[in-house]
Amino acid sequence: MTERPVPASELYTDEMTADPYPTFAHLRETAPVCPVSSPRYDSYLITRYDDAKTALTDPRLSKDLYGPDKHYLRIFGPNSEGLNKNMLNSDPPEHTRLRRMISQAFAPRRIEALRPRVGEIVDSLLDKVVHQGEAELMHDFAIPLPMTVICELLGIPESDHERVLDWTQVIRTSGSSGRAPEEDKAAVQDAQLHLHHYLSDLVQAKREAPADDMICALIDACDQEGKLSERELVTTTFLLLFAGHQTTADFIGNATVALLTHPEQLGMLRSTPELLPQAIEELLRFDGPLPVASPRIATEDVVYDGVRIPRGSIVGVVINSANHDPAQFADPDRLDLCRERGPHIGFGHGVHYCLGVSLARMEARIGIGTMLRRLPNLRLAVPPGELRRLAAASPFRGLLELPVEF
Ligand code: HEM
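Residues numbered from 1 in each chain as written. Predicted model: local features only at pLDDT ≥ 70, side-chain atom pairs only at ≥ 80, totals over all residues.

### Some words on the overall build of the chain
Next up, step 1: Looking only at helices and strands, the chain has 19 helices and 11 strands in total.
Next up, step 2: For the chain, the share of sequence-separated contacts (at least 6 apart) that also reach a separation of at least 24 residues comes to 72%. (Helix = DSSP H or I, 4+ residues; strand = E, 2+ residues; numbered from the N terminus. Contact = placed C-beta atoms within 7 Å.)

The following block contains the structure:
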């Protein structure tokens, strides 16, 4: 087993952008705990299912990026507290306090009440394209669906949705946009700054004109119960906004491609719509939108699979590799919508398990289910190999564009 760091440029190739699963299989077999060196930061990738699950609950692998050791500097750079010092980047008890503040709002019962509105949004987006015979499904459907839902939940005015979307897309496509690296970095910093100012101003405006939305509920927690600081209010809003649409959008895109390139599975789903909830879980296992969980830090030397990960190292748990581990999933590279709902880790594992899981499942089920019903002749407009994707080194697995005909 190698402990020689693999340069990121050797790992994250164009082939890996198109299909990362052969590389993951190779790593699981030859270097299940793989040190990777990159101009951004060095890290260790954990690729086997059992190790991944253990790592996601290992208290020696911390998420406290903003503690005294300032690990965030290596990962996000300076001036990142304004948006990123949130629950995802903290450990208990901080994490528990922040998560408790909003977990009520994401309880399955509350999310269920959103079902009619999600259905309306899905239909209105499809109404716009259904008579055109063609569409670019990322921008016409997969991105605006979860974006509209989370903006409405938070209470972001409709007139602002477009510019908020523009900023979040600059962050999402970082490293894949075709911009020169320096220009790309500047564009991301600029978008983050705009988002920070925008969300801070919005919180201020809502203090003056309270409404029945999630930002106002957070303001109440901040003011009346003193449970949330002003900064935490903005960072929590940013986390919900970003986590609330990014992954779901990429998931809907990836799932659509998986279905359109597996016609027999698609046909089965069309003729057996009650398979949908189970199919969504298999599609998430098959090609999830978050290939690697957010970075962890080793607080002491830890050993996984015989490889010593030194204290202070950044650790990436490769969710999409774990979900293709043959030790856990029989014939893992086969899409099988009838696969028994197995314990995939597409929504994470442990205390940071996805807070928005009920919302994500509902959006995906209504979105994909309605799309298949209303677009019965849906097909790719370009060969699968020509689809433009986010680069393999991106934190997200998704499509830049999804041209379809129907
Ligand atoms: C955390 C996946 C949709 C909110 C996570 C994590 C994963 C994940 C893997 C854990 C990350 C880690 O441990 O590093 C997904 C997928 C989604 C999705 C695959 C869609 C298909 C959503 C939605 C929301 C959301 C719709 C709504 C706001 C969050 C939040 C966290 C999180 C707030 C942080 C939880 C914590 O730190 O305790 N998600 N997510 N996610 N997700 Fe999702």
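Now that the structure is up, let's keep going.
### Let's talk about the sheet that holds strand β10 (residues 379–380)
Next up, step 1: Read across the open sheet, the three strands follow the order β5-β11-β10; overall the sheet is antiparallel. Looking at which strands have only one partner, the edges of the open sheet turn out to be β5 (134–136) and β10.
Next up, step 2: As defined by bridge partners, β10 adjoins strand β11 (residues 403–405) across two bridges and the pair is classed as antiparallel. In the strand pairing of β11, R379 is matched with E405. (Pairing = 2+ DSSP bridges.)

### Section: the site of the ligand
Next up, step 1: The environment of the ligand is formed by 26 residues, the closest being G244, S294, G348, C354 and G356.
Next up, step 2: Secondary structure elements with two or more residues in the shell around the ligand: α15 (230–260) and α19 (357–374).
Next up, step 3: In terms of residues, the shell around the ligand owes the most to one element, α15, which gives seven residues.
Next up, step 4: Taken together, the residues of the shell around the ligand sort by class into 16 nonpolar, nine polar and one charged. (Near = placed C-beta within 6 Å. Nonpolar A, V, L, I, M, F, W, Y, C, P; charged D, E, K, R; others polar.)

### Brief notes about helix α17 (residues 276–286)
An α-helical turn contains 3.6 residues, so any two residues separated by three or four positions project in the same direction.
Next up, step 1: Summarising burial for α17: eight of the 11 residues are buried, a large majority.
Next up, step 2: Considered for burial, the residues of α17 that qualify are A279, I280, E281, E282, L283, L284, R285 and F286.
Next up, step 3: Of the surrounding elements, those touching the buried residues of α17 are α15, α16 (263–271) and α19. (Buried ≥ 20, exposed ≤ 12 C-beta atoms within 10 Å, placed from the backbone.)

### A few points about the pairing of strand β3 (residues 43–46)
Next up, step 1: Burial along β3 is two-sided: the residues S43 and L45 and Y44 and I46 are all buried.
Next up, step 2: With four bridges joining them, strand β2 (residues 33–37) and β3 adopt antiparallel strand pairing. Among the inter-strand pairings, C34 is bridged to a residue of β3, identified as L45.
Next up, step 3: Between the antiparallel neighbours β2 and β3 lie five residues.
Next up, step 4: Examined bridge by bridge, β3 and strand β9 (residues 314–317) share three bridges and lie parallel to one another. Bridging across to β9, Y44 finds its partner in V315.

### A closer look at the sheet that holds strand β6 (residues 296–298)
Next up, step 1: One open sheet accounts for six strands, arranged β1-β2-β3-β9-β6-β4; its pairing is mixed. Each edge of the open sheet is held by one strand with a lone partner, namely β1 (6–7) and β4 (61–62).
Next up, step 2: Where helix α4 (residues 49–56) meets the sheet, its contacts fall on β2, β3, β4 and β9, and the angle it forms with β9 comes to roughly 125 degrees. (Axes fitted to C-alpha atoms, helices over the stretch in contact; angles between N-to-C directions.)

### What to know about the pairing of β9
Next up, step 1: Of the two faces of β9, both are covered, the one formed by I314 and G316 as well as the one formed by V315 and V317.
Next up, step 2: When β6 meets β9, the two strands line up antiparallel, connected through two bridges. Bridge pairing links I297 to I314 in β9.

### Considering α4
Next up, step 1: When α4 is considered as a whole, its buried residues turn out to be Y49, D51, A52, A55 and L56. Viewed end-on, α4 has its buried residues packed into an arc of 160 degrees, placing them on one side of the element.
Next up, step 2: Turning to α4, the residues buried within the fold contact β2, β3, β4, β7 (302–304), β9 and α18 (319–322). (Arc of directions from axis to C-beta.)

### Description of the environment of C216
Next up, step 1: Tracing the backbone shows C216 in helix α14 (residues 214–223).
Next up, step 2: Expressed as a C-alpha distance, the spacing of C216 and K206, which sit 10 residues apart in the sequence, is 6.6 Å.
Next up, step 3: Those residues in contact with C216, other than ones at most four positions away along the chain, are G155, K206, P210 and A211.

### Let's talk about the environment of G342
Next up, step 1: Mapped onto the elements, G342 comes out in the loop between α18 and α19.
Next up, step 2: Taking the C-beta count within 10 Å as the criterion, G342 has 13 such neighbours and is therefore assigned partly exposed.
Next up, step 3: Between the alpha carbons of G342 and Q328 there is a distance of 8.8 Å; along the sequence they are 14 residues apart.

### Digging into the packing of helix α13 (residues 181–208) against α15
Next up, step 1: With their axes 10 Å apart at the nearest point, α13 and α15 run at an angle of 115 degrees to one another. Taken as a pair, α13 and α15 cross one another with a handedness that is right-handed. Residue-level contacts link L195, L199, S200 and V203 of α13 to L233, V234, T237 and F238 of α15.
Next up, step 2: Grouping the amino acids of the contact of α13 with α15 by side-chain chemistry returns six nonpolar, two polar and no charged. (Left-handed = near helix turned anticlockwise from the far one by under 90°.)

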